[in-house]
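Structural overview
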Amino acid sequence: MSKQENIHQHSFSITKELRQAQHGHKSYILWFTGLSGSGKSTIANMVEGRLHAMGISTYILDGDNLRNGLNEDLGFSSGDRKENIRRIGEVSKLFVDSGIVVLATFISPYASDREEVRKKVQQDEFIEIYVKCPIEACEKRDPKGLYKKARSGEITSFTGVSAPYEEPGNPEVLIETSQYTIEECVQHVMNYLKDNGL
């Protein structure tokens, strides 16, 4: 018997559109992807601050934070990384359905996994933001000391060192944190949202 055989989805009367109307804005996913140390969480935090000041309902889903709770049972194998992003994609979809703008900050190294999240929502509800930064610059910053551990072999399967990172081919937003200030990168994201009526 299939695990899904006796599951029936229930339709409720309050829709995403009604929730969006109550919040007074559209809901969507801002998906920040990039190497560890590229600046994803820092930029997302500042973007959320800007949105919050504008009266927009938001929530940040951060990789490290969720691995202390929802995803605490997952490691860093290829399969576990895939499951990590699958779960976050489902949670992000729920936030969009609730009428809230969700900012997801995950390395999310595999293009296919990011694409699967995109498919979970409508076409204009997934905004991929590639926080691009050369690994040399990320390693120089190394805010959590992870690159040092990866180079010494203390951490295995570390993205950019001993595990791959697949760059986005055509992200909605590209920000290069080694070329611009954090403030300029944040403004680039805000400009995209404004230009697209978000």
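See the structure shown above.
Numbering of residues starts from 1 in every chain and runs along the sequence as written. Where totals are concerned, whole chains, interfaces and linings use all residues; where local detail is concerned, this predicted model gives features only for residues with pLDDT of at least 70, and gives and counts side-chain atom pairs only at 80 or more. Side-chain metrics rest on all non-hydrogen atoms present in the structure, leaving aside hydrogens and water.

Concerning the side chain of Ser38
When you line up the elements, Ser38 lands in the loop between strand S1 (29–33) and helix H2 (40–53). Accessible area is worked out with a 1.4 Å probe on protein chains only. A residue is then buried under 20% of its type maximum, exposed over 50%, and partly exposed in between. Looking at Ser38, the relative accessible area reads 0%, which means it is buried. Whether two residues are in contact is decided by their heavy atoms, any of which lying within 4.5 Å being enough. Those residues within four positions of Ser38 in sequence are excluded, and the remaining contacts are Val131, Cys133, Cys138, Arg141 and Thr177. Going along the chain from the N terminus, every DSSP run of H or I of four or more residues is numbered as a helix, and every run of E of two or more is numbered as a strand.

Considering the sheet that holds S1
Any two strands with at least two DSSP-identified bridges between them are counted as paired. Pairing is parallel across the open sheet formed by five strands, whose spatial order is S2-S3-S1-S4-S5. The open sheet has two free edges, formed respectively by strand S2 (58–62) and strand S5 (173–176), since each of these has just one partner strand. Within this sheet the neighbouring strands show an average axis-to-axis angle of 20°, counted without direction. With five bridges joining them, S1 and strand S4 (residues 126–132) adopt parallel strand pairing. Its bridge partner lying in S4, Thr33 is registered against Tyr130. Simply put, an axis is a line fit to the C-alpha atoms, just over the touching stretch for a helix, and the angle between two N-to-C directions goes from 0 to 180 degrees.

Some remarks on the nonpolar core
Here the nonpolar core consists of buried residues drawn from Ala, Val, Leu, Ile, Met, Phe, Trp, Tyr and Cys, with membership extended through side-chain atoms lying within 4.5 Å. Grouped together as the largest cluster of nonpolar side chains are 20 residues, with contacts concentrated most on Leu30, Phe32, Val47, Leu51 and Ile129. The element contributing the most residues to this core is helix H8 (residues 182–195), with five residues. Those residues in contact with Phe32 that lie beyond four places of it in its chain are Lys40, Ile43, Ala44, Val47, Leu103, Ala104, Thr105, Phe106, Ile129 and Val131. Within the second largest apolar cluster, 15 residues are counted, among which are Leu61, Phe95, Val102 and Val117.

A look at the layout of surface pockets
A pocket, in this scheme, is an open set of points on a 1 Å grid over the protein atoms alone with protein on both sides within 12 Å along at least 5 of 7 lines, while a cavity is a set where a 1.4 Å probe fits but cannot get out; residues line either one if an atom lies within 4 Å of a point. Grid points are joined across faces, edges and corners, and a volume is the space filled by probe spheres set on the points. In this structure, the largest pocket encloses a volume near 670 Å³. In this structure, the largest pocket is lined by 31 residues; those nearest its centre are Ser36, Lys40, Asp64, Ile107 and Lys144. Put simply, the parts of the chain that give the lining of the largest pocket at least two residues each are H2, helix H3 (63–66) and helix H4 (78–97). In the scheme used here, Gly and all other residues not listed as nonpolar or charged are polar, with Ala, Val, Leu, Ile, Met, Phe, Trp, Tyr, Cys and Pro taken as nonpolar and Asp, Glu, Lys and Arg as charged. Along the lines of polarity and charge, the residues of the lining of the largest pocket split into 11 nonpolar, 13 polar and seven charged. If you add up the space inside the second largest pocket, you get close to 380 Å³. Lining the second largest pocket are 17 residues, with Gln9, Arg19, Lys93, Leu94 and Asp97 positioned closest to its centre. Of all elements in the fold, only helix H1 (16–23) and H4 reach the threshold of two or more residues within the lining of the second largest pocket. The biggest single contributor to the lining of the second largest pocket is H4, with five residues. Per-class residue counts for the lining of the second largest pocket are five nonpolar, five polar and seven charged.

Some words on the side chain of Asn71
Locating Asn71 in the fold gives a position in the loop between H3 and H4. A polar contact of 3.2 Å, which involves the side chain of Asn71, links it to the side chain of Arg87. Pairs of N or O atoms are called polar contacts if they sit within 3.5 Å, as long as, within protein, a hydrogen donor faces a hydrogen acceptor (for residues adjacent in sequence, only side-chain-to-side-chain pairs).

With respect to the packing of H4 against helix H5 (residues 111–119)
Interhelical geometry of H4 versus H5 gives an angle of 15° and a closest axis separation of 9 Å. One element, H4, and the other, H5, form an angle in the roughly parallel class. Relative to H5, the crossing made by H4 is right-handed. Along its contact with H4, which presents Arg81, Lys82, Ile85 and Gly89, the element H5 presents Ser112, Asp113 and Val117. Taken together, the residues of the contact of H4 with H5 break down into two nonpolar, two polar and three charged. Each angle gets one of four labels, with under 35 degrees taken as roughly parallel, over 145 as roughly antiparallel, 65 to 115 as roughly perpendicular, and the rest as oblique. The crossing is said to be left-handed when, going from far helix to near helix, the turn is anticlockwise and less than a right angle, and right-handed when the turn is clockwise.

Description of H5
Within H5 the residues assigned to the buried category are Asp113, Arg114, Val117 and Arg118. With its buried residues spanning 150° around the axis, H5 presents them on a single face. Buried positions along H5 lie against S1, H4 and S4. Directions pointing from the helix axis toward each C-beta atom define the arc.

Quick notes on the packing of H2 against H8
Between H2 and H8, whose axes approach to 9 Å, the crossing angle comes to 55°. Judged on the interaxial angle alone, H8 and H2 are oblique. As H2 runs across H8, the sense of the crossing is right-handed. On H8, the residues that touch Thr42, Ile43, Met46, Val47, Arg50 and Leu51 of H2 are Ile182, Glu183, Cys185, Val186, Gln187, Val189, Met190 and Leu193.

Everything listed is a geometric property; what it means functionally is a separate question.
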